[in-house]
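# A closer look at the structure
Letter by letter, the chains look like this.
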Amino acid sequence: MAPELAHEEILAWLRCDDPQLLERLWELADRERTHRVGDCVHLRGLVEISNHCERSCTYCGISTANAALGRYRMSRDEIMACARQAVLFGYGTIVLQAGEDPGLETQWVADLVGDIKGATGLAVTLSLGERSPDELALWRASGADRYLLRFETSDRELFRRIHPPPKDRNACDRIALLRTIKALGYETGSGIMVGIPGQTFESIARDLALFRELDLDMIGIGPWIAHPASPLCREGAPDADADQVPATEQMACIVVALARLVCPEANIPSTTALATINSLHGRAHGLTRGANVCMPNLTPPQYRCLYEIYPNKAGSSSTPEQSHRSVLATLAALGRPAGQGPGSRSA
Ligand code: 5AD
């Protein structure tokens, strides 16, 4: 078992820019990944069911502030067709993701979850933003297995800046909500963006400690990618600050590798943001530096081009078949088998 990493060691790795030392970190993380969760890569079919969003997060391309964006909400039948496609591709999980969309009504989502479970037996992961404990409880009772909600950064001041609360509502404490999600019996996923303007190495070290404290089942990590239509992009990075974390592929990989060492049993995806910032090798780098999950996109092409949370998102003009083949090609090149079944943390 890898010895527990001290805070100072984590900080040293986060600040490391020496290629030879980093090779050592990738090896440590890859060895820990093999040892703890094996070589299989679990595939989760991602369906972006609505790009409506009532929030105005300053980093995100589908924020309500982006008035020029065409909006869509998929029908029940369209989503069911994606679920059947997931089964045909051999995936064990479907992930239903959306902006924070009150048009996704509580009972409608509950019925959808029940229908997917009944028709396919897939594990169902929801990623629908900050929803009330009552809604989350109903969806759990309807059969939802997992919930994803990134806390984005554990720096509360930075979080408040990039994530203004909606009008007429108090700011939600995402970290408290994650504890509620866990208590409801969901396998619970969270994560962060790496390189948000104003994010420091110290704050990423605290994010890693929080991953462990929350005992997360899934941890998603990707680089912040500037979206030209977002306020954060126009603000740019604060004045050259030695403590500013760079929004690079290498930096995101360091955090993925450390997440594997800090939370050795977690399911960690090689994220689309990583595959976007390095279109040739990003996904493979994630998988050889600690990750053990991929989320091929099943969203129909006419919708996925509208789910542009950041620009040039990997696969945004592909079909589900092409996304599937591309992920399988990466696995074949790495000699890693696709996982069978739901691929839960405990399985
Ligand atoms: N760059 C990188 N990741 C982003 N996300 C949203 N906008 C961006 C961006 N511009 C991430 C957030 C969110 C997840 C669904 O996508 O972390 O939780």
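Read on for an overview of the structure. (Residues numbered from 1 in each chain as written. Predicted model: local features only at pLDDT ≥ 70, side-chain atom pairs only at ≥ 80, totals over all residues. Heavy atoms only, no water.)

This part covers the packing of helix H4 (residues 106-120) against helix H5 (residues 133-141). Where H4 meets H5, the closest approach of the two axes is 8 Å, and the angle between their N-to-C directions is 20°. On the basis of the axis angle, H4 is roughly parallel to H5. As H4 packs across H5, the resulting crossing turns out to be right-handed. Counted together, Thr106, Gln107, Val109, Ala110 and Val113 of H4 and Glu135, Leu138 and Trp139 of H5 form the full contact between these two elements. In terms of residue class, the contact of H4 with H5 is made up of five nonpolar, two polar and one charged. (Axes fitted to C-alpha atoms, helices over the stretch in contact; angles between N-to-C directions. Helix = DSSP H or I, 4+ residues; strand = E, 2+ residues; numbered from the N terminus. Parallel < 35°, antiparallel > 145°, perpendicular 65-115°, else oblique. Left-handed = near helix turned anticlockwise from the far one by under 90°. Contact = heavy atoms within 4.5 Å. Nonpolar A, V, L, I, M, F, W, Y, C, P; charged D, E, K, R; others polar.)

Of all nine residues in strand E1 (residues 42-50), nine are buried; the element is thus mostly enclosed. The pairing of E1 with strand E7 (residues 293-294) spans two bridges and is parallel. Along E7, the bridge assignment pairs histidine 42 with valine 293. Relative to strand E2 (residues 93-98), E1 runs parallel, the two being bridged by six bridges. Of the residues in E2, the one forming a bridge with leucine 46 is valine 95. Once you follow E1 into helix H3 (residues 76-88) and on to E2, the crossover reads as right-handed. (Buried < 20%, exposed > 50% of the residue type's maximum accessible area, 1.4 Å probe, protein only. Pairing = 2+ DSSP bridges. Right-handed = clockwise from strand over helix to strand, strands pointing away.)

Lining the immediate surroundings of the ligand are Tyr59, Cys60, Arg150, Glu152, Met193, Pro223, Trp224, Ile225, Ile309 and Tyr310. Take tyrosine 59: an N or O atom from its main chain is 3.0 Å from a nitrogen atom of the ligand. Isoleucine 225 is positioned with one of its backbone polar atoms (N or O) 2.8 Å from a nitrogen atom of the ligand. Considering the ligand on its own, with 410 Å² of exposed area, one finds that the protein chains cover 87% of that surface. Residue classes in the shell around the ligand are distributed as eight nonpolar, no polar and two charged. (Near = heavy atom within 4 Å. Polar contact = N/O pair within 3.5 Å; in protein donor to acceptor, adjacent residues only side chain to side chain. Areas by Shrake-Rupley, 256 points an atom, 1.4 Å probe, with all protein chains shown as cover.)

Tracing the backbone shows threonine 330 in helix H14 (residues 320-334). The residues touching threonine 330, leaving out its near neighbours within four places in the chain, are Arg283, Ala284 and Leu287.

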